[in-house]
Amino acid sequence: MRLTQGTFSFLPDLSDKQIRAQIDYCLAQGWAVSVEYSDDPHPRNTYWEMYGMPMFDLKDAAGVMLEVDACRKAFANHYVKVNAFDATKGWESLRLSFIVNRPKVEPGFGLLREEGAGRMQRYTTRSYAAARPEGRRY
Amino acid sequence: MGSSDAKVAASERYRAGVMKYAQMGYWDGDYVPQDTDVIALFRITPQEGVDPQEAAAAVAGESSTATWTVVWTDRLTASDRYRAKAYRVEPVPAIPGQYFAYIAYELDLFEPGSIANLTASIIGNVFGFKPLKALRLEDMRLPVAYVKTFDGPPTGIVVERERLDKFGRPLLGATVKPKLGLSGKNYGRVVYEALKGGLDFTKDDENINSQPFMHWRDRFLNCMEAVNRAQAASGEIKGHYLNVTAATMEDMYERAEFARDLGSNIVMIDLVVGWTAIQSMAKWSRRNDMILHMHRAGHSTYTRQKSHGVSFRVIAKWLRLAGVDHLHAGTAVGKLEGDPMTVQGYYNILREERNAVDLQRGVFFEQDWGGLRKVMPVASGGIHAGQMHQLLDLFGDDVVLQFGGGTIGHPMGIAAGATANRVALEAMVLARNEGRHIASEGPAILEAAAKHCVPLQQALDTWKDVSFDYASTDTPDFVSTPTAS
């Protein structure tokens, strides 16, 4: 399967030039860019590992790309995403988030069902890879 | 403005009998609205021979303290304050016989936090008043002191996006079709295919509740199976707006609780349930971490005609106060009524922290939303992937684009239709962010994206010539150089 979290996952993987253009866009909006990685892509895993702090003071896409590259090298077989954070009143949240690296093989998720009273059903989504310990999943 | 301005002595004013509303104190051309006043702008069409200023005063009277005759019991109250005051009347540009009337209401006329109470005053008796041929509530200014008495949207755009983990693009949805007749099992199939194909949400239609062909529990069970299957297949959060609209409040709570227990992240209600039920469901949604989707079923009966009724921009304001997270607000390019600028005005009302006066978009007042959360507008009805550039250009990122026929009617099936829409959307957002001019380059961007996505090519081929190009009935009548209020 192909994990389709993130803004551009239905497109072919972005080239470095395309990634840089998106970072340029984020910086032009005044957003702070950050890089995160994970090998637990459960849809409700909100807290991917931060690859350093959000780059609040970095206004140059080339500098951001160095961080993106470093993270992709260090975690070549993890998911890596670029986030853009907007501190404007009323937002104070992410405004863009897209995947820039993914494991070579994505085994996906299983769905566990727990039958209850009547036809009630409770669901659990479980990443096949996450059954193994962190760092040894992909 | 004429003789009715003249103040009369109290002994004259309260003599038993009938007198003009303006003389009773419902017109005050010198009145300066206070920051805490509720202000309503009406479009009035007086009967032949009725003075527009008197007509405005009558509207002020009938929507606040007046009755048809003088009553001495007014003198037991601070009636000068409680009387609404018409303070400005001007002809509607280029439409003879119609006038814009501005009326200010003292804040204490209204119960805090109750749309039912607000509407009982502002649109209560007055719309049937005989001296007027027609009456339309065009816009309202709601003072922050009043706004702060409402909870507003239970989730709001920001938190909805954080819960869904979806940023930087419009969300995609589709309404299950045919909207009536499918069994629960077949209905859930449509949900599964559409979500697995790439949509974020699917949706019950306004009139799918609990009918002989599909009882509500069966629909909920099958839809949540589909949602969870699609979530596992994609690794993305998915949702289906389960319509909990029902005959009684008790039934609605029962349905909403079942949706929650099955793990749904969103429920939906129809506008026809009424203001009290809407506010009850807003509070329930807040308590239960639920996104509340509002389908504006029935609104066109009173929003569409320019001369009479209530503008949708007012309904949008009331719904933001009452507390919904999603609201259908028009597409401008689809099959349903909506002038593009007017529709953008609705979107701004739902999404901005503060609305500036914007007469071209029909926004007559500055409105501070006092930190109330933002409502996600929904564009639905006769739209397809080939219009993606227009939709993104008109409405930006914070909108749910719903392609019902444009997903389910795809020649290669529902999942292919969903994929076509998602690819078209992501390609368009990518291009816009790269600085391309999507309004003009849109078709070329779509054609290029279709090179790596066969379903998108098929969608473009199927619907390329479909457009709904009719004149809108509801457009703002504005003065290009507004006079100061």
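Model, not experiment: these values are computed from the prediction.

The subject of this paragraph is the pairing of strand β8 (residues 266-270) of chain B. All names here are of chain B. Counted residue by residue, β8 has five buried out of five residues, so it is predominantly covered. Burial along β8 is two-sided: I266, M268 and D270 facing one way and V267 and I269 facing the other are all buried. Where strand β7 (residues 239-243) and β8 come together, two bridges link them in parallel fashion. Across the sheet, residue L242 finds its bridge partner in β8, namely V267. Handedness of the crossover joining β7 and β8 through helix α10 (residues 249-261) is recorded here as right-handed. Relative to strand β9 (residues 291-295), β8 is paired through five bridges, and the arrangement is parallel. Of the residues in β9, the one forming a bridge with I269 is M294. In this region the chain leaves β8, passes through helix α11 (residues 275-287) and returns to the parallel neighbour β9; the handedness of that crossover is right-handed.

What follows covers the interface of chain A and chain B. The interface is formed by 40 residues belonging to chain A together with 38 residues belonging to chain B. Carbon and sulfur atoms make up 56% of the surface buried where chain A meets chain B, a total of about 3,300 Å² over both sides. In terms of surface lost to chain B, no three residues of chain A exceed A:F10, A:W91 and A:Y123, which account for 20% of the buried area on that side. At the junction of chain A with chain B, the criterion picks out two salt bridges. Here B:E225 makes a salt bridge to A:R113, at a shortest N to O gap of 2.4 Å. In this structure, the connection of chain A to chain B is made through 15 residue pairs in polar contact (both at pLDDT 80 or more).

So, about the side chain of B:S285. Residue and element names in this part refer to chain B. The topology assignment puts S285 in helix α11. Judged by its relative accessible area of 1%, S285 falls in the buried class. Apart from residues no more than four positions distant in its own chain, S285 is found in contact with P154, V267, M290 and L292.

Here we take up the sheet that holds strand β11 (residues 326-328) of chain B. Ordered in space as β5-β6-β7-β8-β9-β11-β14-β15 (chain B), the eight strands form a closed barrel in which the pairing is parallel. Sheet twist, expressed as the mean angle between neighbouring strand axes with direction ignored, is 25°.

Residue and element names in this part refer to chain B. Inspection of the entire model under this criterion finds 24 aromatic pairs over all chains. Between Y146 and F150, the ring centres sit 5.1 Å apart and the planes meet at 80°, which makes this aromatic pair edge-to-face. Residue Y146 shares its accessibility class with F150, and that shared class is buried. Measuring from ring centre to ring centre gives 5.0 Å for F312 and Y346, while their planes differ by 70°; the resulting arrangement is edge-to-face. Residue F312 is found in helix α13 (residues 312-322), and its partner Y346 is found in helix α14 (residues 340-351); the two are separated by 34 residues along the sequence. Of the two residues, F312 and Y346, both sit in the buried class.

How each quantity is defined
- Residues numbered from 1 in each chain as written.
- Chains lettered and ligands numbered in written order.
- Predicted model: local features only at pLDDT ≥ 70, side-chain atom pairs only at ≥ 80, totals over all residues.
- Heavy atoms only, no water.
- Buried < 20%, exposed > 50% of the residue type's maximum accessible area, 1.4 Å probe, protein only.
- Helix = DSSP H or I, 4+ residues; strand = E, 2+ residues; numbered from the N terminus.
- Pairing = 2+ DSSP bridges.
- Right-handed = clockwise from strand over helix to strand, strands pointing away.
- Contact = heavy atoms within 4.5 Å.
- Buried area = accessible area lost by both parts, 1.4 Å probe.
- Salt bridge = Lys/Arg side-chain N within 4 Å of Asp/Glu carboxyl O.
- Polar contact = N/O pair within 3.5 Å; in protein donor to acceptor, adjacent residues only side chain to side chain.
- Axes fitted to C-alpha atoms, helices over the stretch in contact; angles between N-to-C directions.
- Phe/Tyr/Trp six-rings, centres within 6.5 Å; stacked < 30°, edge-to-face > 60°.

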